[in-house]
Each structure stands twice: as C-alpha cells, then as structure tokens.
Amino acid sequence: MICSYADWRWDDFRRACVSVEEQLTEGDELVVVIDHNDGLLERARTEFPNARVVPNAGRKGLSDARNTGVETSRGDVVAFLDDDAVARPGWVDGLRTAFASDDVAVAGTTVRPNWEGGSAPRWFPDEFGWVVGCSYRGLPEVKTTVRNPIGASMAVRRTIFGKVGGFSDAIGRVGTKPVGCEETEFCIRVSAHDPNYKVVFDPFSAVDHYVPAVRQTMKYFVSRCYHEGRSKRIVSILQGTDAGLSSERTYVRVTLPSAVVKGVAGSLRRPSGLLRAGVVVIGLSSTVLGYVVESFQRGQVTVSAT
C-alpha cells in the first residue's frame with residue numbers, strides 16, 4: 001500500500017508505485033490511497049490502471065489513509081511503503097518470507113536515505129536517521145525482534161487489524177507537519193494484545209527513502225526532533241510510559257552518549273565530528289523539550305523519559 005496527498009510529490013510517488021508493481025506476483029495487488037486530493041486521485045487512477053486507487057475515507061492524515069487502505073486491500077499481509085520511497089529488488093519477497101512463521105504480526109526492513117545532493121550534511125549524525133524517516137545507527141544489524149519498525153517500510157498480517165484495530169488518528173503525520181509514531185503506538189497495542197506476537201526487523205531487505213534538501217536543514221532537524229518528543233508523549237499517554245519509551249531508554253543511555261564520545265574523540269582528525277556531537281545534544285534537547293511541552297499542555301508533567 002502507498003498513501004499520497006500532494007501533487008508536488010508526483011514524481012516520487014510514481015517511482016514508489018512502479019518499484020512495487022515490478023515485484024508483484026499472482027495474488028498480489030497494489031493499493032493506493034489518496035488523502036483528500038481529488039485531482040491527484042484521478043491522475044493516479046489514470047497512471048496506474050492495474051492498481052486499486054481509492055480516496056481516504058476518514059480524517060485527513062496518514063493514519064486514516066492507511067486504515068482506508070487496509071479496509072480496501074484483500075491480501076493476507078498488508079505492506080506499507082512511503083510515497084517518497086523506492087522498494088529495492090526483493091523487497092516484496094523479503095516481507096513475504098518474514099511472515100512464514102505464524103507468530104509474526106508485524107515486519108519491517110532497513111530504510112536507507114537517498115539524499116538530494118548525494119550525501120548527508122556534514123553535521124548530520126547517523127544516530128538521527130529517524131529524523132528523515134530512515135534507519136539509524138543503533139538499530140540491530142541482524143534479523144531480530146523489535147518494538148516497532150520504521151513506518152516507511154513495514155508490513156502487518158491482516159488478521160491483526162481485526163484484533164487490535166487500525167492506526168490511531170490521535171497521532172501521526174498530517175500533511176507536512178513533522179509528527180509521527182502511529183506505527184509505534186500500533187505495535188505496542190499488538191504486543192499488549194498477545195505477548196507471543198512478534199514484531200520482526202530484517203536489515204537485509206531495504207527501501208531507499210528520498211530526503212529532499214528542505215529536510216537537510218538544522219531548522220527541520222530541530223522541528224522534527226521537537227515534534228517527535230510530542231508524539232512520544234502522546235504514545236506514552238495512550239499506551240503507558242514503560243511501553244512508550246522502552247526503546248528510547250536504551251537509545252538515550254547508550255546510543256547517543258556513544259555518538260557524542262565518538263564525535264569528540266575524532267574531532268582532532270575531523271572537525272565535523274565535534275559538530276555532529278553538538279548536534280546530537282541539540283537533537284536530544286529538542287526531543288525532550290517537545291515531550292515536556294506536550295506534558296504541560298495535557299497537565300501531566302511527572303513522567304521521566306529516562
């Protein structure tokens with residue numbers, strides 16, 4: 001399934017659809033959901049006559065667009081690809097293989113950044129790949145279970161939706177506002193419903209996620225971190241702090257301090273290392289600020305993130 005909403009993303013969206021259509025076999029289908037854009041809906045129907053192209057039947061935003069696609073689709077497994085990502089060869093088969101075991105409820109893959117300009121900014125720390133919707137340093141390097149995958153490339157067994165519901169419209173991206181975590185909240189619900197359900201991560205299957213220049217600025221970085229903090233607070237309210245911050249605790253205690261130490265230690269050889277170390281601190285501070293602000297707004301300020 002691919003959800004899209006903006007005419008100006010057409011070229012990226014088209015590449016995403018083509019990358020999936022080329023991998024489909026008998027019994028598979030491409031479902032496209034257009035989020036409240038009639039012109040884009042008609043254009044997509046014309047361009048992809050073999051796809052099931054439908055409008056978002058719910059509230060504007062990614063969560064209800066995905067829910068619409070789930071209701072429209074027919075397969076035993078529903079795979080999700082962002083409209084600015086391109087599935088690498090073998091992506092569909094890799095996800096299909098991940099569900100060979102009946103206890104797998106959700107699966108995700110590596111999401112590699114496709115930087116406009118060819119490379120990341122010198123100041124951008126690899127530990128913050130999630131800022132641009134991509135994999136980041138600190139994720140597992142082998143196939144294993146995780147709390148949740150990155151939403152740009154994941155799949156869910158259809159029967160799971162009937163047991164835990166769909167993606168919450170209380171959270172998730174609407175337009176260009178840099179919020180998220182709808183897949184995090186969903187996966188926490190899955191695990192809470194049945195601890196035997198597995199959420200798996202396959203680092204050997206991958207998609208390439210386009211990162212435009214507008215998302216390579218410090219302004220976007222800080223804004224995305226801030227809104228991630230807000231999103232994490234909402235997840236914690238909906239599903240509890242223990243589950244909502246289980247992965248983040250290790251990330252904050254181990255991954256980020258390691259990044260700072262490495263940057264400072266390597267600054268004599270590469271001054272950019274010290275710069276990246278500083279950005280790590282800025283990113284963490286911005287995320288914590290978003291978490292605290294959301295707590296104040298909701299009248300709940302007593303929860304520690306660590």
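Counting starts from 1 at the beginning of each chain's written sequence and moves along it residue by residue. For this predicted model, a pLDDT threshold of at least 70 governs which residues receive local features, and a threshold of 80 or more governs which side-chain atom pairs are given and counted, while totals over whole chains, interfaces and linings are taken from all residues. Side-chain descriptors were evaluated using all non-hydrogen atoms of the structure, hydrogens and water having been removed beforehand.

Asks: Got a minute to help me understand helix α4 (residues 91-98) in this structure?
Replies: Working definition: with a 1.4 Å probe on protein chains only, accessible area under 20% of the residue-type maximum means buried, over 50% means exposed, and in between means partly exposed. Runs of H or I in DSSP of at least four residues are treated as helices and runs of E of at least two as strands, each being numbered from the N terminus. Among the residues of α4, Trp 91, Val 92, Gly 94 and Leu 95 are the ones counted as buried. With its buried residues spanning 160° around the axis, α4 presents them on a single face. To be clear, the arc concerns the directions from the helix axis to the C-beta atoms.

Asks: Explain the environment of Phe 124 to me, please; I cannot follow it from the model alone.
Replies: Following the sequence through the fold, Phe 124 ends up in the loop between β6 (104-115) and β7 (144-145). Taking the C-alpha atoms as reference points, Phe 124 and Val 279, separated by 155 residues in sequence, lie 7.3 Å from one another. Once residues within four sequence positions are removed from consideration, Phe 124 is found in contact with Trp 115, Gly 129, Val 131, Val 132, Phe 221 and Arg 276. The contact rule is simple, with two residues in contact once any of their heavy atoms fall within 4.5 Å.

Asks: For this particular structure, what's the right way to read the pairing of strand β8 (residues 153-157)?
Replies: For a regular strand, side chains alternate in direction, first toward one face of the sheet and then toward the other. Most of β8 is tucked away, with 5 of its 5 residues classed as buried. The alternating pattern of β8 places Ser 153, Ala 155 and Arg 157 on one face and Met 154 and Val 156 on the opposite face, and all of these are buried. A pair of strands counts as paired when DSSP detects no fewer than two bridges linking them. In this sheet, β8 lies alongside strand β4 (residues 77-82) in antiparallel orientation, the contact comprising 5 bridges. Note on β8: the bridge partner recorded for Phe 80 is Met 154. Bridging between β6 and β8 involves 3 bridges; their strand directions are antiparallel. Looking across to β8, one finds that Ala 107 is bridged to Ala 155.

Asks: Help me out: how do you make sense of a nonpolar patch on the surface in this one?
Replies: Every patch collects residues that have over 30% relative accessible area and no salt bridge, joining them within 9 Å if they carry like charges and within 5 Å if they are nonpolar side chains (Val, Leu, Ile, Met, Phe, Trp, Tyr). Only the protein chains shown count as cover for residues, and all accessible areas are computed by the Shrake-Rupley method using a 1.4 Å probe. For this document, the term salt bridge refers to a Lys or Arg side-chain nitrogen within 4 Å of an Asp or Glu carboxyl oxygen. Nonpolar side chains collect at one region of the surface, where Val 288, Val 292 and Phe 296 lie side by side and expose about 260 Å² of accessible area between them. Considering the arrangement of structural elements, one finds Phe 296 in helix α10 (residues 271-297). Among the residues examined, Phe 296 registers a relative accessible area of 57% and is labelled exposed.

Asks: Hey, could you run me through the packing of aromatic side chains in this one?
Replies: The geometry of an aromatic ring pair is captured by two quantities: the separation of the ring centres and the angle between the planes. Working definition: a ring pair exists when centres of Phe, Tyr or Trp rings (six-membered ring for Trp) sit within 6.5 Å. Plane angles under 30 degrees give stacked, over 60 give edge-to-face, the rest tilted. Across all of its chains, the model carries 13 aromatic pairs by this definition. Seen in terms of ring centroids, Phe 128 and Phe 221 are 5.2 Å apart; in terms of plane orientation they differ by 50°. Their pairing is tilted. A residue pair is termed long-range when its members are at least 10 positions apart, and Phe 128 in the loop between β6 and β7 and Phe 221 in helix α7 (residues 218-239) qualify at 93 residues. One aromatic cluster is present, formed by Trp 115, Trp 123, Phe 124, Phe 128, Trp 130 and Phe 221 through successive ring pairs. The cationic tip of Arg 43 hangs over the ring face of Trp 10; the distance from NZ or CZ to the ring centre is 4.1 Å. Note on geometry: a ring has a charge over it if NZ (lysine) or CZ (arginine) is within 6 Å of the ring centre and within 35 degrees of the ring normal.

Asks: Would you mind going over the side chain of His 209 with me for this structure?
Replies: Within the fold, His 209 resides in strand β9 (residues 198-211). Overall, the relative accessible area of 2% leaves His 209 in the buried class. N or O atoms within 3.5 Å of each other form a polar contact, as long as, within protein, one can give a hydrogen and the other can take it, and as long as residues adjacent in sequence are counted only when both atoms are side-chain atoms. Separated by 3.0 Å, the side chain of His 209 and the backbone oxygen of Gly 133 make a polar contact.

Asks: I would appreciate a short explanation of the nonpolar core in the present structure.
Replies: Nonpolar side chains in soluble globular proteins tend to be buried together. If you look at the biggest cluster of nonpolar residues, it comprises 48 residues, and the most contacted ones within it are Phe 13, Leu 81, Trp 91, Phe 128 and Val 131. It is helix α1 (residues 10-21) that provides the largest number of residues to this core, a total of 5 residues. Those residues in contact with Phe 13 that sit more than four places away from it in its chain are Ile 2, Ser 4, Val 32, Ile 34, Ala 44, Phe 48 and Asp 83. Nonpolar core, defined: a set of buried Ala, Val, Leu, Ile, Met, Phe, Trp, Tyr and Cys residues in which side-chain atoms within 4.5 Å join the residues together. Residues Phe 80, Val 156, Val 164 and Cys 187 belong to the second largest nonpolar core, which totals 22 residues.

Asks: Sorry, what's going on with α1 here?
Replies: Every α-helix carries 3.6 residues per turn, so stepping three or four residues along brings you back to the same face. Multiplying one less than the number of residues by 1.5 Å gives the expected span of a helix. With 12 residues, α1 should cover 16 Å at 1.5 Å per step; its first-to-last C-alpha distance of 16 Å lies within 8% of that length. All buried positions along α1 are accounted for by Trp 10, Asp 12, Phe 13, Ala 16, Cys 17, Ser 19 and Val 20.

Asks: Before we go on, may I ask you to explain the packing of helix α6 (residues 182-193) against α7 in this structure?
Replies: Axis geometry follows a simple rule: fit a line to the C-alpha atoms, using only the stretch in contact for helices, then measure angles between N-to-C directions, giving values from 0 to 180 degrees. It is the contact of α6 with α7, at a shortest axis distance of 10 Å, that shows an interaxial angle of 20°. Considered as vectors, α6 and α7 are oriented roughly parallel to each other. In this structure, the crossing between α6 and α7 has a hand that is right-handed. Listed contacts from α7 to Thr 184, Glu 185, Ile 188 and Arg 189 of α6 are Lys 232, Val 235, Leu 238 and Gln 239. Here the residues of the contact of α6 with α7 are counted per class, giving 3 nonpolar, 2 polar and 3 charged. Each angle is binned into one of four classes, with values under 35 degrees roughly parallel, values over 145 roughly antiparallel, values of 65 to 115 roughly perpendicular, and all other values oblique. Throughout, a crossing is termed right-handed when the near helix is turned clockwise from the far one, and left-handed when it is turned anticlockwise from it by less than a right angle. Basically, the charged four are Asp, Glu, Lys and Arg, the nonpolar ten are Ala, Val, Leu, Ile, Met, Phe, Trp, Tyr, Cys and Pro, and anything else, Gly included, counts as polar.

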